[in-house]
Amino acid sequence: APRGHGPRGPRRYAQVVCFTAATRVDVGGGEEVGLRRLAVKVGAWASERSFDREVACQTAAAAAGVAPRVYASAWRSGRVGVVVMERLTCPSFHAWLAWVSKDLLRRPAFKTSTRWIVDPRVHRLPLVRAWARERTRVRSKLATAAIRHGDIHDANLVFDVPAAADETFRDSHADPKGVKRRLMREIAKGPGGGARLAIRPRGNRVAATPRRQRARSWAALSGYYRLAIICLADDPRRWPRRRRRDSSPRNIHAVA
């Protein structure tokens, strides 16, 4: 069933179509993947160049292990782009924090009259701290690959549990509570276990800024904003120097 990801600006849109069939399809190179493990993103971009740039960014991020793999892409009808990519099991990092918070508040010792979506005490848990460090590592990988997502927050960071993928995609409607318990068990193993964090591709605001301009922008920032950028693992001083003038993924510095 199609799922919308919201407006992308004037005359722009994006829809992600997922499948429930178990049929296996050839994705090229003799590799076959089940339809359930594919997501097809269909949308309108401002231009073919912006579409190609977003696909290149996601391909580079996938090579770094922090984004869904891109199997194929195509530009059609002058404005419409199609991307076939790996499907993530979810939940988002924010949704997982809400799940943990809900479970925590069921315990008598943690009951409170304040209604939190994510209780602040959740962030003190060792498991949450471990995944928070992994979240920082994912952002650092993007910076190392010279990619600025531009819209990284907990709702755009998504857990992927490959071992539970078939069960999740097959039973997500029939047994949502069972799927949730399976995902929670895998995530509870911590980083390096059966789950990983990935960046959800979203938006098409892309900008490649020359190194000198980035340096001037950095110098103009106040100390507070410099500290905030460094804490978000997005320090422009660590971005690799541009070596050539082409459209390779290393020269693309922003995608949202």
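All values derive from a computational prediction rather than experimental measurement.

### Topic: the packing of aromatic side chains
Within the structure shown, the criterion is met by 6 aromatic pairs. Judged by centre distance (5.7 Å) and plane angle (55°), the ring pair of F93 and W96 falls under tilted. Here the residue F93 and the residue W96 both occupy positions in helix α2 (residues 93–105), the gap between them amounting to 3 residues, near one helical turn. For F93, a relative accessible area of 1% gives the class buried. Judged by relative accessible area, which is 2%, W96 ranks as buried. Put simply, the rings of F93, W96, W131 and F159 pair up and form one aromatic cluster. Taking the ring centre of F169 as reference, the NZ or CZ of R87 above it sits at 4.0 Å.

### Re the pairing of strand β6 (residues 70–76)
Of the strand pairs in this sheet, β6 and strand β7 (residues 80–86) are connected by 6 bridges, and their pairing is antiparallel. Following the sheet pairing, A72 is matched in β7 by V84. What sits between the antiparallel neighbours β6 and β7 is a turn of 3 residues, in which S77 has the positive phi angle 60°.

### A short note on the packing of α2 against helix α5 (residues 176–187)
Direction vectors running N to C along α2 and α5 enclose 95°, while the axes themselves pass 12 Å from each other. In this view, α2 runs roughly perpendicular relative to α5, as classed from their interaxial angle. Residue-level inspection shows W96, W99, V100 and D103 of α2 in contact with α5, the latter providing K180, M184 and I187. Residue composition of the contact of α2 with α5, by class: 5 nonpolar, no polar and 2 charged.

### A few points about the environment of D26
Its place among the elements puts D26 in strand β3 (residues 24–26). Filtering out sequence-adjacent residues up to four positions away, D26 remains in contact with E31 and E32. In terms of polar contacts, D26 uses its side chain to reach the backbone amide nitrogen of G28, at 2.8 Å.

### Considerations on the pattern of salt bridges
By the definition in use, this model includes 13 salt bridges. Linking E167 and R182 is a salt bridge whose minimum nitrogen-to-oxygen distance equals 2.6 Å. Here the residue E167 occupies a position in helix α4 (residues 165–171), and R182 occupies one in helix α5, the gap between them amounting to 15 residues. On the basis of relative accessibility, which here comes to 24%, the residue E167 falls in the partly exposed class. If you follow the salt bridges from partner to partner, you end up with E167, R182, E186 and K189 in one network.

### So, the packing of α2 against helix α3 (residues 126–144)
Two elements in contact, α2 and α3, have axes separated by 12 Å at closest approach and are oriented at 175°. What the angle tells us is that α2 and α3 run roughly antiparallel. Of the residues in α3, those in contact with F93, W96 and L97 of α2 are L127, V128, W131, A132 and R135. Classifying every residue of the contact of α2 with α3 gives 7 nonpolar, no polar and 1 charged.

### A look at a positive patch on the surface
On the surface, a cluster of positive charge is contributed by K102, K177, R181 and R185. Per element, the largest residue contribution to the positive patch is 3 residues, and it comes from α5. Looking at the secondary structure, you find R181 in helix α5.

### Describing the nonpolar core
Ranked by size, the top nonpolar core spans 29 residues in total, and within it F93, W96, L97, W131, F159 and L197 carry the most contacts. Looking at this core, the elements with two or more residues in it are α1 (48–63), α2, α3, β8 (157–160), α5 and β9 (196–199). A per-element tally of this core places α2 first, with 6 residues. If near-sequence neighbours (up to four positions away) are discounted, F159 is found in contact with L88, T89, C90, P91, S92, F93, W96, W131, I187, A195, R196 and L197. Counting residues in each nonpolar core, the second largest holds 10 residues, with V16, C18, A39 and M85 among its members.

### Section: α3
The terminal C-alpha atoms of α3, which comprises 19 residues, lie 27 Å apart, in line with the 27 Å expected from a rise of 1.5 Å per residue. Within α3 the residues assigned to the buried category are V128, A130, W131, E134, R135, V138, R139, L142 and A143. In this structure, the buried side of α3 is in contact with α1, α2, β8, α5 and β9. Two residues or fewer after α3 comes A146, characterised by a positive phi angle close to 60°.

What counts and what doesn't
- Residues numbered from 1 in each chain as written.
- Predicted model: local features only at pLDDT ≥ 70, side-chain atom pairs only at ≥ 80, totals over all residues.
- Heavy atoms only, no water.
- Phe/Tyr/Trp six-rings, centres within 6.5 Å; stacked < 30°, edge-to-face > 60°.
- Helix = DSSP H or I, 4+ residues; strand = E, 2+ residues; numbered from the N terminus.
- Buried < 20%, exposed > 50% of the residue type's maximum accessible area, 1.4 Å probe, protein only.
- Lys NZ or Arg CZ within 6 Å of the ring centre and 35° of its normal.
- Pairing = 2+ DSSP bridges.
- Axes fitted to C-alpha atoms, helices over the stretch in contact; angles between N-to-C directions.
- Parallel < 35°, antiparallel > 145°, perpendicular 65-115°, else oblique.
- Contact = heavy atoms within 4.5 Å.
- Nonpolar A, V, L, I, M, F, W, Y, C, P; charged D, E, K, R; others polar.
- Polar contact = N/O pair within 3.5 Å; in protein donor to acceptor, adjacent residues only side chain to side chain.
- Salt bridge = Lys/Arg side-chain N within 4 Å of Asp/Glu carboxyl O.
- Patch = residues over 30% accessible without salt bridge, like charges linked within 9 Å, V, L, I, M, F, W, Y side chains within 5 Å.
- Areas by Shrake-Rupley, 256 points an atom, 1.4 Å probe, with all protein chains shown as cover.
- Lys, Arg positive; Asp, Glu negative; His and termini not counted.
- Charge placed at Lys NZ, Arg CZ, Asp CG, Glu CD.
- Core = buried A, V, L, I, M, F, W, Y, C linked by side-chain atoms within 4.5 Å.
- Expected span 1.5 Å × (residues − 1).

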